Amino acid sequence: MANVAIDGVVQEAQPDELLIDLINRSGVSLPHVCYHPQLGPVQTCDTCMVEVNGRTVRACATIVAEGMSISTKSAKASAAQVEAFDRILSNHMLYCTVCDNNNGNCTVHNTTKLLAIEHQRIPFQSKPYEVDNTNPFYRYDPDQCILCGRCVEACQNVEVNETLSINWEDPNPRVLWDGGSTIGESSCVSCGHCVTVCPCNALMEKTMLGHAGFLTSLKKSALSGMIDVVKGVEPETGYGSILQVSEAEEAMREHRIRKTKTVCTYCGVGCSFDVWTKDRHILKVAPEHGPANGISTCVKGKFGWGHINSEDRLTTPLIREGDKFRQAGWDEGLSLVARRLSEIKANDGPDSLAFISSSKCTNEESYLMQKLARAVIGTNNVDNCSRYCQSPATQGLFRTVGYGGDSGSISDMEKADLVLIIGSNTAESHPVIATRVKSSHKLDGQKLIVSDLREHEMARRADLFLHPKPGTDLFWLNAISRYLLDNNLAHTKFLDQWVNGLDDYRKSLEPFTMEAASRISGVPEETLKAVAHMIADAKAMCILWAMGVTQHTQGSDTSTAISNLLLVTGNYMRPGTGAYPLRGHNNVQGASDHGSMPNMLPGYQSVNDPEVRQRFEADWKVKLPSTKGLDNHQMVEAIHAGNLKAMYLIGEEMSIVDSNANYVGDAFAKLDFFVVQDIFFSNTCRYADVVLPGAPSLEKEGTFTSTERRIQRLYQVLEPLEGCKPDWKITQGIANQLGAGWHYQHPSEVMDEIASLTPMFAGVNYERLAGYKSLQWPVAADGTDEPLLYIKRFAFPDGKARLFPVSWIGPTDQPDSEFDLHLNNGRLLEHFHEGNLTYRTEGIREKTPDTFVEVSPELAEERGIQSGTWVQLVSRYGQVRVRALVTDRVHGMELYMPMNSVESPVNRLTSSHTDPVTNTPAYKETSVHMKVLAEVGESPLPRINSRFGHPTPQNGVEVERKWKRADYAPPGNGLVQLQTKQ
Ligand code: SF4
Ligand code: SF4
Ligand code: SF4
Ligand code: FES
């Protein structure tokens, strides 16, 4: 602690605290335009000048030291602040009353007021550049740009897309995309970081323009006229009275613009933000306070909300009549569902019915779905789509450390000094997590090793990139563990104290020599040894993995091998360490956590355990089934075998996203009765007997659990579209038609019930989750949560972890002379899965209109393929027609096909092979034959896709270049640079 005096009042500063943070914390009003706590000091605006012990310094770049005497209002400081802000206003026209950014949070407006600026000394000067409207989501107006560089800092060092810079040496500096491209043709991934942090209206969401203000929708000519009027009266009246008018207009906006906190509906990162709405119009997504993301989002969370007001939302229940559907009322729809489920249960028993929860729905909805299955119908046939992705990772962690979730938080990934990413295209599938790794790697010396088939962005950034043969990760991981143990590079103290099973594990590693690993994986021995030494040298390592590991026949075993390696090297129990299987959907973690699993009641309590069952039976007042039910994969098999007759499925496009899609579709066609609940008429709805219109995340309350086990509340942003209902209400309606007598009025009551029955969530309630508060499970009854697991013990009875031996089997469906190419598949940044949600956002469609198959340059040359050539991919299970994209992201005989298509889904090609431990499909083990068709079309990725851009990496805004300009002099007299923090 340091004691300092601010304007004569003594304050206590934190060690290493920035002066500006202390000043803000102590409630003193100091102008500051370029400083943003999540960006750190940018030092471009000079408005935060203060006097420290008689010298003028920037408060944002000065670290507090004992005994400082700070004046924020001395004549010298005030003169410097005003002069600096005067320079800013020469770059910005104040027309607040007719500006869509006049919402109370405009830094330029508020600073004008704070400094009581009445007139400009330096007149406004227009810049010789056009407004850039070429991005579908936001626009840049150079004339309003104050050159603060916040956007550049955010793009370069937070998002680390490295698109933006400022040409400080130019007579008329401006923000540049890729050094001078249009936004539309640049490498910009439309993540929105820059727009979010812009302190004025230079960068604005297009959804705000003409919509936020009362007068801003006027025609451009009328607007210009009004701006001229304002400028005309300014010399006489000064800014004071003009600002009064604009503040009256701003106050009126407060009554019609709603700002509601929600959690992103797409991936498992768990970004949260305020959604600004005017009636049903989404004005913007404003991230700032989210514990997982702060100011960060990706394009989907920031701009991908076109599905909410899409014209093709389902708004009424549909009932099949022959080959057609007819509209029906809710009473008719729900009573038909209840009648048919009852009849089938009566005729064929409860286990002839099955239930599939949605990973897009809330925890409370998942809980009610499994309660309906178990307590009302009497079956454990309930599952969710974690079966397709995450179950193997969960299994690997259950086997070794006890909890089936990420062992720490995103902040641990930032702190690690080595991150190892295996089978995860993190920059596209978990973009905001990728930003944290990219930033630590770029700025803090973090090392990065990536193992993947594709040379994606993280691979290109890596210090070491491995490209093992498909499906061989288990082998090289085990070989590294063996090498570390054999060469005294393991963490023996940790193993002695905290880990069981070392002897058996060592024996199991016998076949896994470096020589064998190199032969099997194709990775040179020296590279594997280099990986081993980087791991041994790292003080704290995190391993991140995803579907490239789990969607293999040995997905569970490979996940286990990862956790074993972390144990061998002592990389658990400390900040910056641990296992991070990156969860795919926004609530895939929560769907399993809350019991939508055939063998587990909520909180991973086994259905076999009589004590557990009795607890639930006492509360639910029913007898519960005790044998494990069918998982998703077994449900499809059971339909084909004639044992499963009816299914109720919520929000899963299972006929497209399940492996071997043709086989799954054929199964659905055989069901006696099929209920699908969704927000659109999905491909899966085509097989339904009844379709029920649910509500998307913005239209309901509840909680989601993200990849870091973080439970967060979403608040209702909009009323459900007329005719739709929140999914928990629909499930309750069906249960009550079946005589359940549920009376939940609000999801908070469901959460209270969950907490009362589930030790893992004992302390979870809506009060503790209010606003941006969150909890990372397990949560004790007193509300204590665990951002980092295993600090004191592992989650086994003796508190010790377990090394779990795994042996090598090898992948199925290997290429042969007929199916000679390996087909990999996965997500694209812009789309979520098949794209049912994201294709409904026009800008996303424009940038990324279709799926494609990536073909390596060498294979393209051999087969006479160019980008746009149509090819037919044929596997042992089906075929699709798709355009080729030639790219060096893939190598040799390996193809990659993103899954964003309903017309040509990659899962027509994938098989029914599964990981035997979890029944997760081996999506990534597919061999195909590629027939080149005569037709050549446009490239499937248009030129305006960010992948064609040319980033311009640099270290932030590089303000030193501004300071070197001949026309720059620090404002005020005698600016002194004290100890600064960049
Ligand atoms: S990538 Fe694009 S949207 Fe994201 S911060 Fe950079 S310029 Fe802005
Ligand atoms: S566009 Fe960038 S440099 Fe210009 S005002 Fe906005 S954040 Fe500052
Ligand atoms: S999709 Fe994922 S990374 Fe993107 S905003 Fe949503 S939660 Fe964040
Ligand atoms: S806030 Fe801009 S230089 Fe300090």
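Structure: see above.
The rules we used
- Residues numbered from 1 in each chain as written.
- Chains lettered and ligands numbered in written order.
- Predicted model: local features only at pLDDT ≥ 70, side-chain atom pairs only at ≥ 80, totals over all residues.
- Heavy atoms only, no water.
- Pairing = 2+ DSSP bridges.
- Helix = DSSP H or I, 4+ residues; strand = E, 2+ residues; numbered from the N terminus.
- Axes fitted to C-alpha atoms, helices over the stretch in contact; angles between N-to-C directions.
- Contact = heavy atoms within 4.5 Å.
- Buried < 20%, exposed > 50% of the residue type's maximum accessible area, 1.4 Å probe, protein only.
- Polar contact = N/O pair within 3.5 Å; in protein donor to acceptor, adjacent residues only side chain to side chain.

1. What about the sheet that holds strand S22 (residues 578–581)?
Logical step 1: Pairing within the open sheet is parallel, and its 5 strands lie in the order S19-S18-S17-S21-S22. Each of the sheet's edge strands pairs with one partner strand only, and the pair in question is strand S19 (464–466) and S22. Along the sheet, successive strands turn relative to each other by an average axial angle of 15°, direction set aside.
Logical step 2: Here helix H15 (residues 473–486) sits on the sheet in contact with strand S17 (418–422), strand S18 (447–451) and S19, set at roughly 150° to S17.
Logical step 3: Sheet strands touched by helix H21 (residues 555–568): S17, strand S21 (541–545) and S22. Its angle to S21, the strand with the most contacts, is close to 175°.

2. Observations concerning the pairing of strand S29 (residues 710–714)
Logical step 1: Burial analysis of S29 places 5 of its 5 residues in the buried class, which makes it a mostly covered element.
Logical step 2: Side-chain alternation along S29 places Arg710, Gln712 and Leu714 on one buried face and Ile711 and Arg713 on a second face that is also buried.
Logical step 3: Across 4 bridges, the pairing between strand S28 (residues 702–705) and S29 is antiparallel. In the strand pairing of S29, Thr705 is matched with Ile711.

3. Looking at the side chain of Thr569
Logical step 1: Mapped onto the secondary structure, Thr569 falls in the loop between H21 and S22.
Logical step 2: Under the relative-accessibility criterion, Thr569 is labelled buried at 9%.
Logical step 3: For Thr569, the side chain forms a polar contact with the main-chain oxygen of Leu565, separated by 2.8 Å.
Logical step 4: Discounting residues that sit within four places of it in the chain, Thr569 has contacts with Leu484, His491, Ile535 and Met541.

4. Considering the environment of Pro581
Logical step 1: Tracing the backbone through its elements, the reader meets Pro581 in strand S22.
Logical step 2: Between the C-alpha atom of Pro581 and that of Thr731, which follows or precedes it by 150 residues, the distance is 30 Å.
Logical step 3: Pro581 has contacts with Gln390, Ala393, Leu397, Asp406, Trp545 and Thr707, leaving out every residue within four places of it along the chain.

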